[in-house]
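The primary structure of each chain is shown beneath.
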Amino acid sequence: MSIQRSGIITICGRPNVGKSTLTNALVGEKVAIVSSKPQTTRNRISAVLNRGESQFVFLDTPGLHKPRTRLGDYMVKVVRESVADVDGVVLLVEPVPSVGKTEEELIARIRQLGVPAALVINKIDTVEKEELLVVMAAYGQAYDWDAVVPISARQGEGMEELLDVLDKWLPQGPALFPEDMITDQPERQIVSEIVREKLLRTLDKEVPHGTAVEVTRFSQREDGLLDIGVTIFCEKASHKGIIIGKGGAMLKKVSSQAREDMERFLGAKVYLETWVKVKENWRDNPAAIQNFGYTEE
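Residues numbered from 1 in each chain as written. Predicted model: local features only at pLDDT ≥ 70, side-chain atom pairs only at ≥ 80, totals over all residues. Heavy atoms only, no water.

Novice: For the nonpolar core, give the residues involved together with the corresponding values.
Specialist: Counting 25 residues, the largest nonpolar core has Leu 22, Leu 26, Phe 58, Val 120, Ile 151 and Leu 166 as the members making the most contacts within it. Looking at this core, the elements that each hand over two or more residues are strand S1 (5-12), helix H1 (19-27), strand S2 (45-51), strand S3 (54-60), strand S4 (88-93), strand S5 (117-121), strand S6 (147-150) and helix H5 (159-167). In terms of residue count, the dominant contributor to this core is H5 (five residues). Those residues in contact with Leu 166 that lie beyond four places of it in its chain are Ile 9, Phe 56, Phe 58 and Val 90. Counting 23 residues, the second-largest nonpolar core is a separate cluster that includes Leu 203, Cys 234, Leu 266 and Leu 272. (Core = buried A, V, L, I, M, F, W, Y, C linked by side-chain atoms within 4.5 Å. Buried < 20%, exposed > 50% of the residue type's maximum accessible area, 1.4 Å probe, protein only. Helix = DSSP H or I, 4+ residues; strand = E, 2+ residues; numbered from the N terminus. Contact = heavy atoms within 4.5 Å.)

Written as structure tokens, this is what we have:
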């Protein structure tokens with residue numbers, strides 16, 4: 001069946017509200033990294049879903065937050081630009097019965113654009129129905145939504161209902177991406193993001209936020225094995241010791257978990273080598289930020 005409608009939908013919200021979990025649940029594949037730490041997503045990620053005659057292109061954005069570094073400035077700029085020039089916007093919120101400052105700013109952007117917008121209330125498995133109605137009422141006063149959809153992204157609940165709503169917003173037209181494509185991210189970027197996810201999940205406090213991952217080698221051997229070399233950059237020598245761990249235990253754990261995910265995504269056996277280097281204060285260094293792939297393009 002050929003694609004008759006296609007369009008771009010931005011998923012926005014505050015950090016850690018579940019945007020990447022929702023993106024993965026909608027597409028049915030893991031295309032965005034997920035952790036319990038805020039600001040996990042740094043770049044805008046496009047995920048593609050073909051459903052019947054429709055192609056959805058979802059933009060999973062970083063959480064809108066108050067930046068403390070140049071990298072944070074870049075991430076906030078990505079959010080603000082991602083809400084422009086799209087066919088619809090999903091504002092993802094938690095079931096909290098008041099509209100926060102972050103949400104107010106995003107609602108103001110949506111109002112300026114005049115595009116269709118859905119309020120999507122995530123984590124409904126954590127509250128009673130009565131509480132949900134209070135949340136709906138609070139957001140209903142803040143904006144006249146085209147639709148309000150309660151979901152649980154983690155449990156995959158409400159996905160079809162949400163897609164039915166978004167389908168109506170897609171303009172007539174051919175597919176924006178090839179029909180066998182699920183993300184516009186290059187394989188190298190996915191590999192580096194997988195490593196970063198494992199760092200976020202295994203390390204504490206500020207350490208993982210100060211890491212960047214560079215893929216230095218990506219080639220395929222004659223027997224089909226993928227040969228991948230990765231360098232993890234951190235901001236302090238003390239962080240390097242934490243990432244490597246006692247007897248290299250932490251780095252082995254991160255590498256082993258990352259390799260399993262890479263093999264699943266790339267569909268091939270992977271030989272992975274990882275190194276750790278210190279690049280002090282790289283998050284405030286414009287050249288370093290660009291070098292690690294956080295560019296305006």
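Novice: So, the pattern of salt bridges: which residues are in play, and what are the values?
Specialist: Here the structure, examined in full by the defined rule, presents 15 salt bridges. In this structure, Arg 14 engages Glu 103 in a salt bridge whose closest nitrogen and oxygen atoms are separated by 2.8 Å. In this pair, Arg 14 is assigned in the loop between S1 and H1 and Glu 103 in helix H3 (residues 101-113), connecting sequence segments 89 residues apart. Since its relative accessible area comes to 30%, Arg 14 is described here as partly exposed. Exposure remark for Glu 103: the relative accessible area of 3% places this residue in the buried category. The residue Asp 227 makes a salt bridge to Arg 217 at a minimum N-O spacing of 3.1 Å. Here Asp 227 is found in strand S8 (residues 226-234), whereas its partner Arg 217 is found in strand S7 (residues 212-220), with ten residues between them in sequence. Overall, the relative accessible area of 24% leaves Arg 217 in the partly exposed class. (Salt bridge = Lys/Arg side-chain N within 4 Å of Asp/Glu carboxyl O.)

Novice: Requested: an account of the environment of Val 48, with residues and values cited.
Specialist: Among the structural elements, Val 48 can be located in strand S2. Judged by its relative accessible area of 2%, Val 48 falls in the buried class. Taking the C-alpha atoms as reference points, Val 48 and Leu 176, 128 residues apart in sequence, are found 9.2 Å from one another. Each residue touching Val 48, except ones within four places of it in the same chain, is listed here: Val 27, Gln 55, Phe 56, Phe 177, Met 181, Ile 182 and Thr 183.

Novice: Could you give me a rundown of the packing of aromatic side chains, with the residues and numbers involved?
Specialist: Scanning the entire structure with this criterion turns up two aromatic pairs. Summarising the aromatic geometry, the rings of Phe 56 and Phe 58 are spaced 5.7 Å apart at their centres and angled 5° between planes, so their arrangement reads as stacked. By relative accessible area, Phe 56 is classed as buried at 0%. Plain terms: the ring middles of Tyr 143 and Trp 145 are 4.9 Å apart, the flat faces sit at 70° to each other, and that makes the pair edge-to-face. Considered together, Tyr 143 and Trp 145 belong to a single accessibility category, that of buried residues. Here the basic side chain of Arg 221 rests over the ring of Tyr 271, its NZ or CZ set 5.1 Å away from the ring centre. (Phe/Tyr/Trp six-rings, centres within 6.5 Å; stacked < 30°, edge-to-face > 60°. Lys NZ or Arg CZ within 6 Å of the ring centre and 35° of its normal.)

Novice: Which residues make up the packing of H1 against H5, and what values do they have?
Specialist: Relative to each other, H1 and H5 sit at 85°, their axes nearing to 10 Å. When the axes of H1 and H5 are compared, the pair comes out roughly perpendicular. The residues of H5 that touch H1, namely those facing Leu 22, Ala 25 and Leu 26, are Met 159, Leu 162 and Leu 163. The residue makeup of the contact of H1 with H5, split by class, is six nonpolar, no polar and no charged. (Axes fitted to C-alpha atoms, helices over the stretch in contact; angles between N-to-C directions. Parallel < 35°, antiparallel > 145°, perpendicular 65-115°, else oblique. Nonpolar A, V, L, I, M, F, W, Y, C, P; charged D, E, K, R; others polar.)

Novice: Summarise helix H4 (residues 129-142); cite the residues concerned and give the values.
Specialist: In a regular helix each residue adds 1.5 Å, so 14 residues correspond to 20 Å; H4 covers 20 Å between its end C-alpha atoms and thus fits that length. Along H4, the residues classified as buried are Leu 132, Val 135, Ala 138 and Tyr 139. Across the axial projection of H4, the buried residues extend over an arc of 120°, all falling on one side. Residues of H4 that are exposed and point over 90 degrees away from its buried face: Lys 129, Glu 130, Leu 133 and Gln 141. Among the structural elements, S4, H3, S5 and S6 are those in contact with the buried residues of H4. (Expected span 1.5 Å × (residues − 1). Arc of directions from axis to C-beta.)

Novice: Now, about unusual backbone geometry: what can you tell me, with residues and values included?
Specialist: Among all residues except glycine, the phi angle is most often negative; among peptide bonds, the trans geometry is most common. Positive phi, normally seen in glycine, also occurs at Asn 16, with a value near 70°. Structurally, Asn 16 is set in the loop between S1 and H1. Unusually for a residue other than glycine, Lys 123 sits at a positive phi of about 65°. Structurally, the position occupied by Lys 123 is in the loop between S5 and H4. Classification of Lys 123 as partly exposed rests on a relative accessible area of 26%.

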